[in-house]
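Here are the chains, one letter per residue:
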Amino acid sequence: MIHGYRGRWLGALLFFPLLVHPGLAQDVTYFPGPGDDWERRPPEAVGMDPARVDSAVAFALAGESPDPRDLAEMIALSFAREPYNDIIGPTKPRGGPAGLILRHGYLVAEWGDTRRVDMTFSVTKSFLSTVVGLAFDRGLIRRLDDPVRAYVPTGHFDSPHNAKITWDHLLRQTSAWEGTLWGKPDWADRPVGDDPNAWPHRPLPEPGTVWKYNDVRVNVLALAVLHVWRRPLPVVLRELVMDPIGASNTWRWEGYENSWVTLDGLRVQSVSGGGHWGGGMFISARDMARFGYLTLRRGRWGEQIIFSERWYDLATTPTGPNPGYGFMNWFLNTDRQLLPSAPETAFAHLGAGTNMVYVDPEHDLVVVARWLRRDRLDGLVQRVLAAVQE
């Protein structure tokens, strides 16, 4: 079983990052300051070959996704076979290829417009799972194998099947939650098989036994943790993560036009975990890189602990039915299946587009790539790693 922290935190700690042990303040690891206070170093100063770094950047620029820049059109085309595929959240046209490379935290290379705010699709899920981790670290969620029903008095977990679902099931996309949320039935998201008449009547597996990527169930997790925090999740993320790591004030986390609930007498929007029907995280490549660097540093930022080592270990533990998946959306490189050129210890936060935040503890690297063809992700990583000399 997975055990959470049982201690009761002081109320003030619910809304402020936790301090690390004072002894860690002597660590010389570099962390950028807020906003544009980010030290740039030439590749050779961080043990990378300049010509090979240039080759990686050129490869990224030459590999733009063939998907339309009109992301509403991209959504319509990508999910054309799905019923209920109307867009109910905001979208915006995307920019061109963009990204950056960090080594030891220093900015080594950039391409495209890294300050442009764009949709990031399912990279949003990694921000969502982090908000769940913040609740777990503070004891608001006691154990990840607790039934979610015990925390969420909304009726979404009352059926005999849904009552078995735990936080761990939702985080790993093994919940098999059944129902309709924000007008989207669970069965209509990436329906299995070729017979539309059979889609609503498919057999349901036991929670925890089958992995299925499903944005309706992701949005159920967002609603559930909203009821735990009883505050808008973008506010929680800003106060506990994005402001402490020095992110800009340009990112936005959006929900749907119909995803409003009443909490403590106030109307609050339940945000989405991706851009499948619009919404999700709208963010710059630079702010994505800060988040990636936070995960490279296992939740630490300078003298603060944003999320615990315990949470990092859980998020990077393979899921039984899919060993290449940790907590959403931490894609693991188990058996080097995701990125054959990368070490098995690497992982990535991935979203449609393709949006990638590649995190490589072995080489102390973070690579952000936006609007790159999916079949070029490993080629980009291969070229970046070829530039590492020490």
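Report follows, based on the coordinates. These numbers were taken from a predicted model, which means no experiment stands behind them. (Residues numbered from 1 in each chain as written. Predicted model: local features only at pLDDT ≥ 70, side-chain atom pairs only at ≥ 80, totals over all residues. Heavy atoms only, no water.)

## Quick look at the nonpolar core
Step number 1: By size, the foremost hydrophobic cluster in this structure holds 113 residues, and its most contacted members are Met48, Ile101, Trp167, Trp311 and Leu380.
Step number 2: The contact partners of Ile101, leaving out residues within four places of it in the chain, are Met48, Val53, Tyr106, Leu107, Val108, Ala109, Trp111, Leu365, Val366, Val367 and Val384.
Step number 3: Counting residues in hydrophobic clusters, the runner-up holds nine residues, among them Met74, Phe79, Met119 and Phe282. (Core = buried A, V, L, I, M, F, W, Y, C linked by side-chain atoms within 4.5 Å. Buried < 20%, exposed > 50% of the residue type's maximum accessible area, 1.4 Å probe, protein only. Contact = heavy atoms within 4.5 Å.)

## Overview of the sheet that holds strand E13 (residues 347-351)
Step number 1: Ordered in space as E3-E2-E15-E14-E13-E12, the six strands form an open sheet in which the pairing is antiparallel. The sheet terminates laterally at strand E3 (106-111) and strand E12 (330-332), the two strands that pair on one side only. Adjacent strand axes in the sheet meet at a mean angle of 20° when their direction is disregarded.
Step number 2: The pairing of strand E14 (residues 355-360) with strand E15 (residues 365-370) spans six bridges and is classified as antiparallel. Paired with Met356 across the two strands is Ala369, which belongs to E15.
Step number 3: Of the strands in this sheet, strand E2 (98-103), E13, E14 and E15 are in contact with helix H9 (residues 377-387), which crosses E14 at around 35°. (Pairing = 2+ DSSP bridges. Helix = DSSP H or I, 4+ residues; strand = E, 2+ residues; numbered from the N terminus. Axes fitted to C-alpha atoms, helices over the stretch in contact; angles between N-to-C directions.)

## A short note on helix H7 (residues 285-296)
One full turn of an α-helix is made of 3.6 residues, so residues set three or four places apart face in the same direction.
Step number 1: Spanning 12 residues, H7 covers 16 Å between terminal C-alpha atoms, matching the ideal 16 Å at 1.5 Å per step.
Step number 2: Within H7, 12 of the 12 residues are buried, which leaves the element mostly enclosed by the surrounding structure.
Step number 3: For H7, the complete set of buried residues consists of Ala285, Arg286, Asp287, Met288, Ala289, Arg290, Phe291, Gly292, Tyr293, Leu294, Thr295 and Leu296.
Step number 4: In the segment just after H7, Arg298 is the residue with positive phi, at about 60°. (Expected span 1.5 Å × (residues − 1).)

## With respect to the packing of aromatic side chains
Two aromatic rings are characterised by how far apart their centres lie and by the angle between their planes.
Step number 1: In the structure shown here, the tally under the stated rule is 16 aromatic pairs.
Step number 2: Their ring planes at 85° and their centres at 5.7 Å tell us that Tyr293 and Trp301 sit as a pair that is edge-to-face. Assigned by exposure class, Tyr293 and Trp301 land together as buried.
Step number 3: Considering the side-chain rings of Phe307 and Trp330, the 6.5 Å spacing of their centres and the 75° angle between planes classify their relative orientation as edge-to-face. Separated by 23 residues along the polypeptide, Phe307 in the loop between strand E11 (304-305) and helix H8 (309-315) and Trp330 in strand E12 bring together distant segments of the chain. (Phe/Tyr/Trp six-rings, centres within 6.5 Å; stacked < 30°, edge-to-face > 60°.)

## What to know about the pairing of strand E7 (residues 252-263)
Step number 1: Relative to strand E9 (residues 280-283), E7 runs antiparallel, the two being bridged by three bridges. Its bridge partner lying in E9, Arg252 is registered against Phe282.
Step number 2: Across five bridges, E7 lies against strand E8 (residues 266-271) in antiparallel orientation. Note on E8: the bridge partner recorded for Trp260 is Gln269.
Step number 3: Taking the residues that link successive antiparallel strands as the turn, the E7-E8 hairpin has two residues, and the phi of Asp264 there is positive, at about 55°.

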